[in-house]
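What the coordinates show
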Amino acid sequence: MAAPSAAGLGRRLRAWLPRIMPVRWSRYDASFLEPEVNKELYQKPLEKLTEEEREQMELKAVRPIKAAPPTLSSSVFSDPMISKFTNMMMKSGNKVLARSLMSQTLEAIKRKQLEKYHKAPENEKETIECNPYVIFHQALKNCQPIIGVCNITKGGKTYQVPVPLTDNRKRFLAMKWLITECRENKHRRTMMPEKLSQELLLAFNNEGPVVKKKHVLHKMAEANRAYAHFRWW
Amino acid sequence: VFHSCFSLQAKHTEHHEGRLYHIPLEEVKAVFPHGLPYRFQQQIRTFNEARVMVRKPALELLAYLKGSNFAHPAVRYVIYGERGTGKTMTLCHVVHYCSRQGWLVLHIPDAHLWVKNCKELLQSSYNKDRLDQPLQASVWLKNFKTSNEHLLQEIKTQKKYMWGKRDATEVGRPLGEVVEQGLARVRSASDAVGVVLREIKQQSHRGSFRLLVAVDGVNALWGRTTLRREDKSPVSPEELTLVHNLRKMVMNDWSGGAIVTTLSQTGSLFKPSSAYTPQELLGKEGFDALDPFVPIPVSNYSPREFESCYGYYLERKWLQHEKAHTEDGKAELQFLSGSNPRQLDRLAGPL
């Protein structure tokens, strides 16, 4: 008992100095501002700007600006969810390949839906959704679990305790399940766009293995309701 | 702007430039068993219709063909341009026009396929130095038969041809029999192709039919090949029967038709990707062989053609993204693609 307390005392007696090399904090100074991507803001003439916007413009003239990350785009077609999904599909930094796979997937979804649309009779044409972005977002929403399960050890035994999930965690789980399902449980020789487009269309209709996995997780959480009080946060 | 409801190309004049005319699907299957680019075939399947844009180079070519004198030797036209500007589509437009007029169309979809990736190379029985390619020849014969059924029955052979020791084709038999022979005996398919080309060339000056020789990627005939013999020695293009016979076809020593060719860098071997002019792609040998030719440059979309293409995509519901319908989206598409037809097609795919 003497050694730990002596070391702790020694550490506490030395003055607290901040570390010289920050490990996980931002490398930018506090004075740096975020880059502005919105084109309309710069195209507005000076008179139409409100007070805050005018102050912001004057501040930008004096302060340095952070470098724009490669994911930030001023294109009208950019979608943050699609970028996130592409990043999760990426392997060893090959963003070019991941992005081309994503665009081929969206094109495949569009082709399948358009073929169905053109062959369908008039009254059913409105029900068929052809927009690949709408299908993607809806499929992700259908795959997101509402409640998750966490391992909590109490008295030597580990219990699966139902736990609420944050939005980020839900989105992450949905995307991860989709990608793992496509990578592992399909025939070796099918191409990723084909597999992904099939999975997304099934998830859009609330069918398919990913939605089933979500239901299994919900059932597990429901079954372990009794241990919900083990959670302390 | 973009609807062109008629399908008779004889009426295509300058004021139809930028509009799309549609080809009925049965005609597509009959006239183009091979030769259409893969992305265009996918587009036909998705939209359930085939729409080709009428552009200036194609109109120019059609005007030349309409006004050409068929008693003179065949004129050679070389379509060239940067990558993705529409050379193959121009060729397909001309091929469709000629087949509608009743010409005999000799359409080689991609000459580069004959000089690379050949699994079987047989020594030719006709000439010991040359090499046969049975697979490529039989595939081409099958497609040639589909596109030119009616004319093959009318053209008769003028010489007796021996296939091996026992089979022979007599004088006066229709060319269709030679094609059948080539399809049945795959070993002699390349020789059958040679016979077909020879007969057609000799009989074209009589005037009973007009001949169009349409070759895509003609720079393959005078480049290098990636094929090797069993002893790993490289094969040059003249040692392949198919290439040898095709070179004779592309010479302008026959009359009664026209030769329309396209240069292509995408399938070519050992050529830098920035090369697109005839001088660079054909090399000295090819340029001298093709020498008096009419060059037809194909460039990116003009603003009017871009509008027409964009409008067509909107009408067929190909551009589904909400922002793609706005002015900003259109300006962005024009900027990103640089009005290049292929880039526009690739960009509009996921949108």
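Residues numbered from 1 in each chain as written. Chains lettered and ligands numbered in written order. Predicted model: local features only at pLDDT ≥ 70, side-chain atom pairs only at ≥ 80, totals over all residues. Heavy atoms only, no water.

1. Some thoughts on helix H8 (residues 192-204) of chain A
Residues and elements named next belong to chain A. This is how it is decided: Labels follow the DSSP assignment, with helices taken as runs of H or I lasting at least four residues and strands as runs of E lasting at least two, numbered in each case from the N terminus. Multiplying 1.5 Å by the helix residue count minus one yields the expected span of that helix. Here the term buried applies to any residue with accessible area under 20% of the maximum for its type, exposed to any over 50%, and partly exposed to those in between, with areas from a 1.4 Å probe on protein chains only. Two residues qualify as a contact provided that any one of their heavy atoms is within 4.5 Å of a heavy atom in the partner residue.
Its 13 residues give H8 an end-to-end C-alpha distance of 18 Å, which sits within 8% of 18 Å, the value for a rise of 1.5 Å per residue. Within the span of H8, buried status applies to Met192, Pro193, Lys195, Leu196, Ser197, Glu199, Leu200, Leu201 and Ala203. Of the surrounding elements, those touching the buried residues of H8 are helix H4 (80-89), helix H5 (95-119), helix H6 (132-143), helix H7 (167-184) and helix H9 (208-223). In the segment just after H8, asparagine 206 is the residue with positive phi, at about 60°.

2. Notes on the sheet that holds strand E4 (residues 75-81) of chain B
All names here are of chain B. The condition that has to hold: At least two bridges found by DSSP between two strands are what make those strands a pair. In this description, a line fitted to the C-alpha atoms serves as the axis of each element, helices being fitted only across the stretch in contact, and the angle between N-to-C directions of two axes falls anywhere from 0 to 180 degrees.
Spatial strand order, E5-E10-E11-E4-E12: 5 strands in an open sheet with parallel pairing. A single partner strand is all that each edge strand has here, and the edge strands are strand E5 (104-108) and strand E12 (293-298). If you compare each strand with its neighbour and ignore which way they point, the axes differ by 15° on average. Across 5 bridges, E4 lies against strand E11 (residues 257-262) in parallel orientation. Across the sheet, isoleucine 79 pairs through a bridge with threonine 262, a residue of E11. Its contacts with the sheet place helix H3 (residues 56-67) against E4, E11 and E12, and it is angled at close to 155° to E12.

3. Details of the domain arrangement of chain B
Rules: An automatic or database domain assignment is the source of the domain bounds shown.
Taken domain by domain, chain B holds domain 1 (57-297) and domain 2 (304-349). Each of domain 1 of chain B and domain 2 of chain B has a C-alpha centre, and these two points are 36 Å apart.

4. A look at the pairing of strand E3 (residues 50-53) of chain B
Residues and elements named next belong to chain B. Here E3 shows a buried face lined by Ala50 and Val52 and a second buried face lined by Arg51 and Met53. Relative to E3, strand E2 (residues 20-23) is paired through 4 bridges, and the arrangement is antiparallel. Bridged to leucine 20 within E3 is methionine 53.

5. Brief notes about the packing of aromatic side chains
Note the following rule: When two rings of Phe, Tyr or Trp (its six-membered ring) have centres within 6.5 Å they constitute a pair, described as stacked for plane angles under 30 degrees, edge-to-face for angles over 60, and tilted for the intermediate range. Whether a charge sits over a ring comes down to the Lys NZ or Arg CZ being within 6 Å of the ring centre and within 35 degrees of the ring normal.
One pass over the full model with this rule turns up 15 aromatic pairs over all chains. With 6.0 Å between their ring centres and 10° between their planes, Tyr64(B) and Tyr77(B) make a pair best called stacked. Residue Tyr64(B) is located in helix H3, and its partner Tyr77(B) is located in strand E4; the two are separated by 13 residues in the primary sequence. Cluster of aromatic residues (ring-pair linked, three or more members): Phe47(B), Tyr312(B), Tyr313(B) and Trp318(B). One Lys or Arg, Lys125(A), reaches over the ring of Tyr117(A) and ends 5.2 Å from the middle of that ring. Residue placement shows Arg224(B) over the ring face of Phe270(B); its charged tip is 3.7 Å from the ring centre.

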